[in-house]
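What follows is the residue order along each chain.
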Amino acid sequence: MSASAAPILITGASQRIGLYCAERLLDDGHALIVTYRSERDGIDRLRQRGALALQADFADEAGILAFIEQLKGHTDSLRAIVHNASDWLVETPGEEAAAFQRLFSVHMLAPYLINLHCQPLLERSSPADIVHISDDVARKGSANRSAYCASKAGLDSLTLSFAARFAPQIKVNGIAPALIMFNPDDDAEYRAKTLNKSALGIEPGPQVIYQSLRYLLDNPYVTGTTLTVNGGRHLK
Ligand SMILES: NC(=O)c1ccc[n+]([C@@H]2O[C@H](COP(=O)([O-])OP(=O)(O)OC[C@H]3O[C@@H](n4cnc5c(N)ncnc54)[C@H](OP(=O)(O)O)[C@@H]3O)[C@@H](O)[C@H]2O)c1
């Protein structure tokens, strides 16, 4: 497949969905810049295949701005930005405000500032895309993870606003997954309960997110849309 010379930036690519998408983008011939917070084996694999890996922590404004500065030192164009980095933070009693601020920073402030500062870089590529990875839970709310859920709902709203603001040069879309991959420490009871929430009842794996990302990158007539990838959770 022929691909733009401008690199695709994908955040939080050291493991799981981000790492899988990064590897598939390399397979498809894209130049790649990835961010990571913790040094993991996956980042080394990406480096060995030619990806540029930049360390970044999006927990506060200073970390986000430092990353943008660092990024601009390496490239003056981008084919796409995939905002995948995410914190699955527990909202511990007594520490709710700190958790809310961190989730807001990772899920909303980082995409917001990176999109604003990188608009000129994206405009040097045609086509150009931004993809926000949010979460299907934003559709109905969450009793246990209300700050996580609110910050992902805010990200869905940013998809609409940036799609209007950046048209027609840059398409801006979202992907809202429900269960894609369990965490290794999820127990049997949690797994059974979670699988039962969707009509299709499977753990699909990260390829369904790559299929959605590929569709958004390749389709010239879709912007301001969030793709639901939830196995039919809304049907139950
Ligand atoms: N997995 C699912 O079933 C599922 C379901 C619904 C939605 N999603 C969404 O899909 C995306 C990928 O999911 P995943 O399960 O692969 O996520 P994950 O395993 O939790 O990985 C997310 C990455 O984000 C990075 N990150 C976390 N906090 C950060 C911070 N403060 N600054 C910079 N990077 C930070 C982490 O970096 P380090 O590892 O380097 O520390 C991590 O590698 C996320 O947006 C998630 O919300 C996933």
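Just so it is clear, the structure is predicted and the values come from calculations on it, not from any experiment.

**Student:** Can you help me understand the overall build of the chain in this one?
**Tutor:** Helix and strand content of the chain: seven helices and seven strands. Order of helices (α) and strands (β) in the chain, N terminus to C terminus: β-α-β-α-β-α-β-α-β-α-β-α-α-β. In terms of overall dimensions, the chain is globule-like: its C-alpha atoms have a radius of gyration of 17 Å, near the 18 Å expected for 236 residues. For the C-alpha atoms alone, the extent of the chain along its principal axes is close to 45 × 40 × 40 Å. Within the chain, buried positions represent 49% of all 236 residues.

**Student:** Even after reading the chapter, I still don't get the pairing of strand S7 (residues 226-229), so can you show me in this structure?
**Tutor:** Working note: regular strand, side chains alternate between the two faces of the sheet. Along S7, the buried face is formed by Leu227 and Val229; none of Thr226 and Thr228, which line the opposite face, is buried. Here four bridges tie strand S6 (residues 171-177) to S7, and the two strands are oriented parallel to one another. Note that in S7 the partner of Ile175 across the bridge is Leu227.

**Student:** Which parts of the structure should I look at to understand the sheet that holds strand S4 (residues 80-83)?
**Tutor:** Within a sheet, adjacent strands bond to each other through the backbone by hydrogen bonds, running parallel or antiparallel. Sheet architecture is open: seven strands sit in the order S3-S2-S1-S4-S5-S6-S7, paired in parallel fashion. Strands with a single pairing partner mark the edges of an open sheet, and in this sheet they are strand S3 (52-55) and S7. Sheet twist, expressed as the mean angle between neighbouring strand axes with direction ignored, is 15°. Bridge analysis of strand S1 (residues 8-10) against S4 gives three bridges, and the strand direction is parallel. Its bridge partner lying in S4, Leu9 is registered against Ile81. Sitting on the sheet, helix H3 (residues 61-72) is in contact with S1, strand S2 (32-36) and S3, with an inclination near 155° to S3.

What counts, and at which threshold
- Residues numbered from 1 in each chain as written.
- Predicted model: local features only at pLDDT ≥ 70, side-chain atom pairs only at ≥ 80, totals over all residues.
- Heavy atoms only, no water.
- Helix = DSSP H or I, 4+ residues; strand = E, 2+ residues; numbered from the N terminus.
- Rg over C-alpha atoms; globule rule 2.2 N^0.38 Å.
- Buried < 20%, exposed > 50% of the residue type's maximum accessible area, 1.4 Å probe, protein only.
- Pairing = 2+ DSSP bridges.
- Axes fitted to C-alpha atoms, helices over the stretch in contact; angles between N-to-C directions.
- Contact = heavy atoms within 4.5 Å.

That's the geometry; what it means functionally is another story.
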